[in-house]
Amino acid sequence: MLETGIKGRQEITVTEEDTAKVYKSGTLEVLATPRMAALMEETAWKSVAEHLDIGMGTVGIKLNLEHQAPTPVGMKVWCETELTEVDGRKLTFSITAFDEAGKIGEGIHERFIIEEEKFQSKADKKKG
């Protein structure tokens, strides 16, 4: 059973592949907002994964974030999440991202608990 208060943390070192220039979200060699969003989602799902039954997983359904400061290549970035609400199968996380100089972003992320095989099958049927 999932309960509020579960925390997560993931860390990366920003590489050329993580930049706005590569993600095509800008022209600069700084951490791309889509890469920060991916780190936020990864941190959230990994934080609760071990608390789910076998065959169950989560999918992101909403992400509201603010990217507040740039991070250059070579700096460490980490994300911290906290599960703040459990509403049936909907999970809500508070998320904050940091680099070595301080806070760089924050947001709210919602995920939904799913049966992985059933979900994948449903998605695959869309191909016809």
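The preceding data block contains the structure.
Residues numbered from 1 in each chain as written. Predicted model: local features only at pLDDT ≥ 70, side-chain atom pairs only at ≥ 80, totals over all residues. Heavy atoms only, no water.

> Help me get a handle on the side chain of T58, residues and values and all.
Summarising the element assignment, T58 is placed in strand β2 (residues 56-67). One polar contact links T58 to R111, side chain to side chain, over a distance of 2.8 Å. Discounting chain neighbours no more than four positions away, the residues touching T58 are W45, V48, L52, L91, R111, F112, I113 and I114. (Helix = DSSP H or I, 4+ residues; strand = E, 2+ residues; numbered from the N terminus. Polar contact = N/O pair within 3.5 Å; in protein donor to acceptor, adjacent residues only side chain to side chain. Contact = heavy atoms within 4.5 Å.)

> Residues and numbers for the nonpolar core, please.
One finds L2, L31, V48, V77, L83, L91 and F93 to be the most contacted residues of the largest nonpolar core, which totals 20 residues. Secondary-structure elements contributing two or more residues to this core are α2 (33-49), β3 (76-87), β4 (90-99) and β5 (102-115). Top element by residues in this core is α2. It accounts for five residues. In this view, F93 contacts A44, S47, V48, T81, E82, L83, T84, G107, I108, H109 and R111; residues no more than four positions away in its chain are not counted. (Core = buried A, V, L, I, M, F, W, Y, C linked by side-chain atoms within 4.5 Å. Buried < 20%, exposed > 50% of the residue type's maximum accessible area, 1.4 Å probe, protein only.)

> Hey, could you go over unusual backbone geometry for me, with residue numbers and the actual values?
Phi angles above zero are rare outside glycine, and K24 is one such case at about 60°. Along the chain, K24 turns up in the loop between α1 (20-23) and α2. What makes K24 exposed here is its relative accessible area of 74%.

> Hey, could you go over the side chain of T43 for me, with residue numbers and the actual values?
Tracing the sequence through the fold places T43 in helix α2. According to the relative accessible area criterion, T43 is buried, its value standing at 1%. For T43, the side chain forms a polar contact with the main-chain oxygen of L39, separated by 2.7 Å. If sequence neighbours within four positions are ignored, T43 has contacts with G8, R9, Q10, C79 and T81.

> An account of the sheet that holds β3 is requested, with residue identities and associated values reported.
The antiparallel open sheet is built from five strands, whose spatial order is β1-β3-β4-β5-β2. Each edge of the sheet is formed by a strand with only one pairing partner; in this case those strands are β1 (7-13) and β2. Going across the sheet, the axis of each strand differs from the next one's by a mean of 25°, ignoring polarity. Most of the contacts of α2 go to β2, to which it runs at about 140°, and overall it touches β1, β2, β3, β4 and β5. Sitting on the sheet, helix α3 (residues 116-124) touches β2 and β5, and the angle it makes with β5 is about 90°. (Pairing = 2+ DSSP bridges. Axes fitted to C-alpha atoms, helices over the stretch in contact; angles between N-to-C directions.)

> I'd love a proper account of α2, names of residues and values included.
For an α-helix, the turn length of 3.6 residues means that residues three or four places apart are oriented alike. Counted at 1.5 Å a residue, the expected span for α2 with its 17 residues is 24 Å, and the 24 Å between its end C-alpha atoms agrees. Along α2, the positions that sit buried rather than exposed are R35, M36, A37, L39, M40, T43, A44, S47 and V48. Tucked into the core, α2 has its buried residues touching β1, α1, β2, β3, β4 and β5. (Expected span 1.5 Å × (residues − 1).)

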